[in-house]
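A closer look at the structure
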Amino acid sequence: MDSIVSQYEVKFKKVLEKFLDPDFQLRNDVYINTLFSHLSGKHDKELSDRLLKLPIFSEWILKACAHWEKRSIQPSPYYMWTFVLPKVIQPTSEDSLLKLEHQLLPLQILPIVIVAFKHCSFVAKDFDNDDVRDIFITKLFKTMNEQTTRLTYQWKNIVMAEDEIFSLAQQALMLIMNYRKYYTKDRAIIIFQSCIYSFKDIISSLKDGRATAEIFYQNSIYLISLINCLSTFINEHEITWTESVETMCVLNATLDFLSLSGWSTRVIIEALKLLNLSISKYMSPNLALLIDKTKDSALDQIGPLLINKLHDMNWEIRDSALEILITISTFACSKFPSFQKVIIDSDLITLVVTMAVSDSESFVRASATKCLQEMIKVNEFWNPTLIQQHLPQKMIKILSEETEAIVRTEAACLVKCIYEYQTFPVEMMDDVYKTMVSAATTDLHWEVKMNALDFWCKVILNHLQNQGMIDGSFPDVTFSKEHKKIVTLTEQEIKYRLSKVLHQLSQCGCLGVFVAAIQDDCDLEVMKKAAEKIKKIARLFNMYNMDKVYICPASPSASSSSTSSPKFNQLPQISALNTPPITPRMDYSDEVIDEIIHSSDMNLLTNVYNPSEVPIRPVSNCNSNIINVSPEAFLSVLRSDLDAMVNEKTKWLQNIDDLNSLLDDMLKCYNGDVNSMDCY
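Values in this document were obtained by computation on a predicted structure and should not be read as measured data.

Procedures and definitions
- Residues numbered from 1 in each chain as written.
- Predicted model: local features only at pLDDT ≥ 70, side-chain atom pairs only at ≥ 80, totals over all residues.
- Heavy atoms only, no water.
- Helix = DSSP H or I, 4+ residues; strand = E, 2+ residues; numbered from the N terminus.
- Buried < 20%, exposed > 50% of the residue type's maximum accessible area, 1.4 Å probe, protein only.
- Contact = heavy atoms within 4.5 Å.
- Axes fitted to C-alpha atoms, helices over the stretch in contact; angles between N-to-C directions.
- Left-handed = near helix turned anticlockwise from the far one by under 90°.
- Nonpolar A, V, L, I, M, F, W, Y, C, P; charged D, E, K, R; others polar.
- Salt bridge = Lys/Arg side-chain N within 4 Å of Asp/Glu carboxyl O.
- pLDDT = per-residue confidence, 0-100.
- Core = buried A, V, L, I, M, F, W, Y, C linked by side-chain atoms within 4.5 Å.
- Expected span 1.5 Å × (residues − 1).
- Bend = angle between axes of the 7 residues up to and from the residue.
- Pairing = 2+ DSSP bridges.
- Parallel < 35°, antiparallel > 145°, perpendicular 65-115°, else oblique.
- Phe/Tyr/Trp six-rings, centres within 6.5 Å; stacked < 30°, edge-to-face > 60°.

Concerning the overall build of the protein
Helix and strand counts for the protein stand at 33 helices and two strands. Expressed as a percentage of the 680 residues in the protein, the buried residues total 48%. Excluding contacts between residues fewer than 6 apart, the proportion of contacts in the protein whose partners are at least 24 apart in sequence is 77%.

What about the packing of helix α6 (residues 105-119) against helix α9 (residues 165-178)?
Packing of α6 against α9 brings their axes to within 8 Å, and their N-to-C directions diverge by 145°. Handedness of the crossing formed by α6 with α9: left-handed. On α9, the residues touching Gln 108, Ile 109, Pro 111, Ile 112, Ile 114, Val 115, Lys 118 and His 119 of α6 are Ile 165, Phe 166, Leu 168, Ala 169, Ala 172, Leu 173 and Ile 176. A per-class count over the contact of α6 with α9 returns twelve nonpolar, two polar and one charged.

What to know about the pattern of salt bridges
Under the definition given, this model contains 19 salt bridges. Across the pair Lys 207 and Asp 256 runs a salt bridge whose closest N-O atoms are separated by 3.8 Å. Taken together, the residues Lys 207 in helix α10 (residues 185-208) and Asp 256 in helix α13 (residues 250-259) connect sequence positions 49 residues apart. The class for Lys 207 is partly exposed, based on a relative accessible area of 47%. Linking Lys 377 and Glu 374 is a salt bridge whose minimum nitrogen-to-oxygen distance equals 3.4 Å. When salt bridges with common partners are traced through the structure, they connect Asp 130, Arg 133 and Asp 201 into a single cluster.

Describing the confidence of the model for the protein
On average, the protein scores 78 in pLDDT, and the residues at 70 or more come to 70%. Within the protein, the element-level pLDDT minimum falls on helix α5 (residues 77-83), averaging 39, and the maximum on helix α20 (residues 362-375), averaging 96. The model gives residues 674-680 a pLDDT under 50, and that stretch makes four contacts with residues more than four places away or in other chains.

As for the nonpolar core
With 176 residues, the main nonpolar core has Phe 199, Phe 216, Tyr 222, Leu 325, Phe 339, Trp 456 and Phe 514 as its most contacted residues. With twelve residues, the top contributor of residues to this core is α10. The residues touching Phe 199, leaving out its near neighbours within four places in the chain, are Leu 226, Ile 227, Leu 230, Ala 253, Thr 254, Phe 257 and Leu 274.

Notes on α6
Over its 15 residues, α6 runs 22 Å from end to end, which matches the ideal 21 Å to within 8%, given 1.5 Å per residue. For α6, the principal kink sits at Pro 111 and spans about 35°. The buried fraction of α6 amounts to eleven of the 15 residues, a majority that puts the element mostly inside the structure. Taken as a whole, α6 has its buried residues at Leu 105, Pro 106, Leu 107, Gln 108, Ile 109, Leu 110, Pro 111, Ile 112, Ile 114, Val 115 and Ala 116. Residue Ser 121 follows α6 closely and has a positive phi angle near 60°.

Some points on the environment of Ser 284
Its location among the elements puts Ser 284 in the loop between α14 (265-280) and α15 (285-288). Of the residues examined, Ser 284 reaches a relative accessible area of 2% and is grouped as buried.

Considering the pairing of strand β1 (residues 477-480)
In terms of strand pairing, β1 meets strand β2 (residues 485-488) through four bridges, oriented antiparallel. In the sheet register, Thr 478 faces β2, and the bridge partner there is Val 487. Connecting β1 to the antiparallel partner β2 that follows it, the hairpin turn spans four residues, and Lys 484 within it adopts a positive phi of roughly 55°.

What about unusual backbone geometry?
Of the consecutive residues Asn 383 and Pro 384, the connecting peptide bond is found in the cis state with omega at 10°. Counting through the fold element by element, Pro 384 comes out in helix α21 (residues 379-388). Non-glycine residue Asp 347 carries a positive phi angle of around 55°. By the element assignment, Asp 347 lies in the loop between α18 (339-345) and α19 (348-358).

Overview of the packing of helix α17 (residues 315-333) against α20
For the pair α17 and α20, the least separation of the axes is 9 Å and the interaxial angle reads 10°. With respect to their mutual orientation, α17 and α20 come out roughly parallel. Contacts from Trp 315, Arg 318, Asp 319, Leu 322, Glu 323, Leu 325, Ile 326, Ser 329 and Thr 330 of α17 reach α20 at Phe 363, Val 364, Ser 367, Ala 368, Lys 370, Cys 371, Glu 374 and Met 375. Taken together, the residues that form the contact of α17 with α20 break down as nine nonpolar, three polar and five charged.

Digging into the packing of aromatic side chains
One pass over the full model with this rule turns up 17 aromatic pairs. Relative to Phe 339, the ring of Phe 331 has its centre 6.4 Å away and its plane inclined at 65°; by these criteria the two rings are edge-to-face. The exposure class assigned to Phe 331 is buried, which follows from its relative accessible area of 4%. The class for Phe 339 is buried, based on a relative accessible area of 0%. Linked through ring pairs, Phe 199, Tyr 217, Phe 257 and Trp 263 together constitute an aromatic cluster.

In structure tokens form, the structure reads like this:
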């Protein structure tokens, strides 16, 4: 091994000397990349470790920097970054803070720091009174040995002389991001601290007039990378105020940055993402210390900022602002109630409802609807604001008429949340049930069906709880709202109550929804979820030996809760497992086909360019036929082998993508006439 290393040492020395030749020009980047790939230990770790420990390597780095500085050579940013590799020098003491992994850090972050000095007119004396920054710099120098410190100063002179400092700093950020998974927590914190100080210095210089904003407008890509680097390291390395006090500056700095005008759309979006992250990670003194007030703090600026961004012309900015509003709405429920005042004072609730219904971009409408899912959990938002906005009626209309599946998906989830956390008006329950039956059975998108099934699961739970069930089982005694007295729940009484629940669920269409879902031929996930929920019901019924439907002593009411069940047209009762699969029925399908056939191409193009003139057609028909499943038929479904049905459907769907099946279908379709096959 020693002879091999000696042989490599001679060749390695010649290569390094060649790099220092004034007339040397690297003609192929592949060679240098491959060389440093070998030195990184990717191919032979033992050999690369021994080569890097050779004195010639560290000596070459110092000579290379001195050589470039002496000859005023300004190589490209690629050269400058690639040639700077860590020197492998072992710590001289076990108690020392020096570590091999820390030696590269100063060289990596230096271009990012130099941006503030070169373009923000800062000098070292400007930070003399910054005690927190002084602690960070002291910690950084303690991780560097003498040779690394000397190399860093030489590297600084090269970077300061570089005209394209933004390009160099951009590449430094790119390399940091590419290798972030190899950083330890300590290294990640140092990188985060360097980036946040650079970010703050840029903001401070722009506010004080030290720097002109034009230079940063022209190099917005660097700002995007810097902000993205901050967000990534905070999120992936879970950096908190206990590990870096600089995290307390993130929220304030981001708000100050967004208060400046002229940034590009991409920069604003990245800054809004960082602001959202800083709120969710409690990166504010008030949030970190759980001081439940926003007055005289940066948090009080969030409301006006969101109002401004929610009215932006760019839909991506509006969508990012809604993500922040979702976060603070979640906090307003219990974690930080002071956010309720921020939302109410800025009248954000009314604005979000308007965006959910009428925004021109479907992604924004979906995000606004998702935001309402969090808002309705707060009673101060629901009553009276959301009730006055007729939110339930608007969501029912969206589920019936919205053409974008992503919006209908969130609308179905919102209906479920309203049912769970608030109450629908009694007069609306018929429409609610009919709409959710249609969403669960006839919608063309599987996620809408999944959320609709979640709604029906809440309906089942609500009816069971109204009959006295607590935490998945019935207690020995309960208070009967119907008879206004305490009732002992014997086994027979529990069977009566379960039978009563089955009758109520049958009337509102819930049982038919689950029977239709387990027969879904198109959406396997819907079928799996329905089977999972039905098995939970089966376990509950088996717990109380529910083998048949019992006739209650008193006829069951339409609903024992404050809501009423809809009255559907009674259909012939048929076997639950033999019911035909429900398919979406569009009453206007023939009309649409005829309209397309009789339209010219020019008229179709006119409709594309004038979408406002195209009539809105409902996506699903809420008056579609509903399978009426009796309680007896549903009990037979509970006793069936649901797992076998799911496995059979899974195998059938897998065979659809099989190549042999595809070829067989093609041959059958074209009757063996290969020449007549469609080339498209």
